[in-house]
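Given next are the chains, with one letter for each unit.
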Amino acid sequence: MEYAIECGSSMKEDLPVSTEDGLKTHAVFRHVLVEKAELYRTILGVFVRSRERFVTHLRPAEIAHQIGNNEEETENALRALRQWGNLEATQDSAEATTIEEIYRSRFLYALSTEGEAAERALAVFDETLHQPGELQTAALRDIGDFLEVIRVLIESPELDVAKLHTQLLTLMERFRTLTNRAQAFMRDLQSTIQLHGISVEQFLGYKQLLIDYLERFLGDLVLATNEISRKILSLEQIGIRDQFNFVARRALADSVAHTTEMEAQETDRWEGRWHGLRRWFLGEAGGVSQAEILRSRAREAIPALLFTLQNINDQRLTRSDRFSDWQTLALWFAEAPDENDTHRLWRAAFGMASARHLQVNQETLDRRDQADEGPRTPWMEAEPVWITPRLRANGRVTVRSQATAVVDQSREKQELAHFAADEAAQIARAQRELARGRVMRLSDFGELEPVTFYLLLDLLGEALATRTDPRRSVEAASMNGALLIRLGPAYDLESTAELVTTYGVIRGTDCEVTILYAHEAVASGALIEEAFEEAS
């Protein structure tokens, strides 16, 4: 049965659209689209807060007092919410003192099952819509810790399914938060690069902070991805997929009707969650992992930010802003005293006068304004147009003058060239120090200069980003393609290497590396393979 809704009627507005089962279930969301949506949301907010304090039923007078509204309007809103299915009502006779009050319609209201589900859905909607985007390095560390705890639980003599279920739930929730926040951050970052919803001053205020933030996350992501990938593979080797059936039974332990089909569906859900986690960090056959895609987008964002900054600086130096010029010109047209002034402004701004090859002085223009002459006045009868003698004599009006002196930038160019040459020499020296063309261990490098140290870190980062199994060797190239690195397997995880620089000491798992020039590898064929064979 359907009800008619008339526009402008506040009482008929609060009736449900349909009593069919499908539409009635979704009618709990109708209160957010009607005229009194703010009142309905306020009332439902009172029920949600009361539910958190374990108060389930409320009287209309209590609700009206909490929201500061009159009781009659509040009762009308409560009846509308009851009709939509957000609330359920029970007879209230606790405070009745007479027979008449007992038979009078007095109700206690509480959130219905549908209404509570709708409130949770709207809360998730608001949280997702307003949650800040961020790249959570702490979440990466937490995921690694959860995987380690899960490994210990599975390898224990007696499996504690309850603890395993709890750890898996916490792991998946942390992983979901990481991916959602990262997606929101990259979306906001793209808007920042394009200066959407942000002023130039705001962009300049935190550009360096944003670049440092991206670089720090990129370093943590490379290391964390390698560690998490290794732990995921280790868990699959000890049979984590075989435990999902037990976890599904634990999840359905409190269900009234526990069937084999429900257990199979729950097991498939856990399989899908694990597959999503594995695909995000390891990728699939022939595909790139989501972690690598996030890393690539974050790396591309840094030069994009610098390009935006360069455009801003160019606009400030050249002081050329076409949009501002058009705005200023439009303001001048709007403030012109009369139509004649607008025509003069048009001629001055665009030079679109009918006879642009003539230069008319102000005296001639004043006489033409005073004379009663129109476009159809014959030339012989009109006032003559006086031109300057210079135009009649040599055909030009512009007075030649000395050219503007050009600023000598030779000294600055020499300084920039010297700086670029010095930087190129440091990079070349670092490449020669690293590209030894033979197998070495990380612990053999000793103390390194800062440029050499950062170049080695970049090479290790490129290799670790592509390695999915720590027991296999990987090959990678530097960002400019000048060097090649082959990172050997990490068999002994207890062996530690120290790389010492003037900035400090970095420690990590010791493993074999081979670094050589890319052009040497192309010229000599399988030079890396031969180097490894000779070392073995």
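Residues numbered from 1 in each chain as written. Predicted model: local features only at pLDDT ≥ 70, side-chain atom pairs only at ≥ 80, totals over all residues. Heavy atoms only, no water.

J.: Looking at this model, I keep getting lost on the overall build of the chain. Mind explaining?
T.: Of the regular secondary structure elements, the chain holds 20 helices and eight strands. The buried share of the chain, taken over its 536 residues, is 33%. A separation of at least 24 residues holds for 63% of the contacts in the chain among residues at least 6 apart in sequence. Per element, the accessible surface of the chain, about 34,500 Å² overall, is 52% carbon and sulfur. (Helix = DSSP H or I, 4+ residues; strand = E, 2+ residues; numbered from the N terminus. Buried < 20%, exposed > 50% of the residue type's maximum accessible area, 1.4 Å probe, protein only. Contact = heavy atoms within 4.5 Å. Areas by Shrake-Rupley, 256 points an atom, 1.4 Å probe, with all protein chains shown as cover.)

J.: Help me understand the packing of aromatic side chains, please; the structure alone is not making it clear to me.
T.: Geometry of an aromatic ring pair is reported as the spacing of the ring centres plus the angle between the planes. Within the structure shown, the criterion is met by nine aromatic pairs. A centroid spacing of 5.2 Å and a plane angle of 90° characterise the contact between Tyr40 and Trp84, whose relative ring orientation is edge-to-face. Residue Tyr40 is located in helix α2 (residues 37–52), and its partner Trp84 is located in helix α4 (residues 71–84); the two are separated by 44 residues in the primary sequence. We note that Tyr40, like Trp84, is buried. A connected cluster of aromatic rings, assembled from ring pairs, spans Phe175, Trp280 and Phe281. In this arrangement the basic side chain of Arg82 is found over the ring face of Phe107, its NZ or CZ atom lying 5.1 Å from the centre. A cation over an aromatic ring shows up here: Arg273 above the ring of Trp270, its NZ or CZ 4.4 Å from the ring centre. (Phe/Tyr/Trp six-rings, centres within 6.5 Å; stacked < 30°, edge-to-face > 60°. Lys NZ or Arg CZ within 6 Å of the ring centre and 35° of its normal.)

J.: Explain the sheet that holds strand β5 (residues 483–487) here, please?
T.: In spatial order, the strands read β3-β8-β5-β4; together these four strands make up an open sheet with antiparallel pairing. In this open sheet, the two edge strands, each paired with only one partner strand, are β3 (439–441) and β4 (474–477). Between one strand axis and the next, the sheet turns by 30° as a mean value, whatever way the strands run. As judged from the five bridges shared by β5 and strand β8 (residues 512–517), these two strands associate in the antiparallel manner. Note on β8: the bridge partner recorded for Leu487 is Val513. (Pairing = 2+ DSSP bridges. Axes fitted to C-alpha atoms, helices over the stretch in contact; angles between N-to-C directions.)

J.: Teacher, can you tell me more about α2 here?
T.: Residues that lie three or four places apart on an α-helix share one face, since the helix turns once every 3.6 residues. The terminal C-alpha atoms of α2 lie 23 Å apart, and with 16 residues this matches the ideal 22 Å at 1.5 Å per residue to within 8%. Within α2, the full set of buried residues consists of Ala37, Leu39, Tyr40, Ile43, Leu44, Gly45, Val46, Phe47 and Ser50. Of the residues one or two after α2, Phe54 is the one with positive phi, at around 65°. (Expected span 1.5 Å × (residues − 1).)

J.: Would you explain a nonpolar patch on the surface in this entry?
T.: A surface patch of nonpolar side chains, amounting to about 280 Å² of accessible area, comprises Phe29, Val32 and Leu33. Along the chain, Phe29 turns up in the loop between α1 (21–26) and α2. By relative accessible area, which is 33% here, Phe29 ends up partly exposed. (Patch = residues over 30% accessible without salt bridge, like charges linked within 9 Å, V, L, I, M, F, W, Y side chains within 5 Å. Salt bridge = Lys/Arg side-chain N within 4 Å of Asp/Glu carboxyl O.)

J.: Could you clarify how one ought to interpret the confidence of the model for the chain in this entry?
T.: Any residue range with low pLDDT should be treated as having predicted coordinates unsuitable for detailed reading. With 77% of its residues at a pLDDT of 70 or more, the chain has an overall mean of 78. Highest mean pLDDT in the chain belongs to α4 (90); lowest belongs to helix α20 (residues 527–535) (48). Here residues 1–20 scores under 50 on pLDDT; set against residues more than four positions off or in separate chains, the count is 35 contacts. Taken as a whole, residues 523–528 scores under 50 in pLDDT and shows six contacts with residues more than four places along the chain or in a different chain. (pLDDT = per-residue confidence, 0-100.)

J.: What is the right way to look at the environment of Tyr109 in this model?
T.: Within the secondary structure layout, Tyr109 lies in strand β2 (residues 107–111). Taking relative accessible area as the criterion, Tyr109 reaches 4% and is therefore assigned buried. For the pair formed by Tyr109 and Arg79, sequence separation is 30 residues and the distance between their alpha carbons is 9.5 Å.

J.: Mind showing me how you'd approach the pairing of β4 here?
T.: The side chains of a regular strand alternate, residue by residue, between the two faces of the sheet. In β4, alternate side chains face the same way, and those of Val474 and Ala476 are buried while those of Glu475 and Ala477 on the opposite face are not. Taken together, the four bridges between β4 and β5 define a ladder with antiparallel strand orientation. Residue pairing in the sheet places Glu475 in a bridge with Arg486 of β5. Counted along the chain from β4 to the antiparallel partner β5, the turn is five residues long, and its residue Gly481 has a positive phi close to 75°.

J.: Any chance you could explain the pattern of salt bridges here in plain terms?
T.: Should their charged atoms come close, side chains of opposite charge can pair. Throughout the structure, instances matching the rule amount to 22 salt bridges. Here Glu62 and Arg59 are joined by a salt bridge, their closest N and O atoms 3.8 Å apart. Glu62 gets classed as partly exposed once you look at its relative accessible area, which sits at 32%. The salt bridge partner of Arg269 is Glu266, with a shortest N-O separation of 2.5 Å. On the criterion of helical spacing, the pair formed by Arg269 and Glu266 is a turn pair, its members being three residues apart in helix α11 (residues 260–282). Judged by relative accessible area, Arg269 falls into the partly exposed class, the value being 42%. Owing to a relative accessible area of 9%, Glu266 belongs among the buried residues under this scheme. Residues joined by salt bridges that share partners form a network here, namely Glu236, Arg241, Glu271 and Arg278.

J.: Would you explain unusual backbone geometry in this entry?
T.: Non-glycine residue Phe54 carries a positive phi angle of around 65°. Structurally, Phe54 can be placed in the loop between α2 and α3 (60–67).

J.: Help me out: how do you make sense of the pairing of β8 in this one?
T.: Within β8, five of the six residues are buried, leaving the element largely enclosed by the surrounding structure. In this structure, β3 lies alongside β8, joined through three bridges in antiparallel fashion. Among the inter-strand pairings, Arg441 is bridged to a residue of β8, identified as Glu512.

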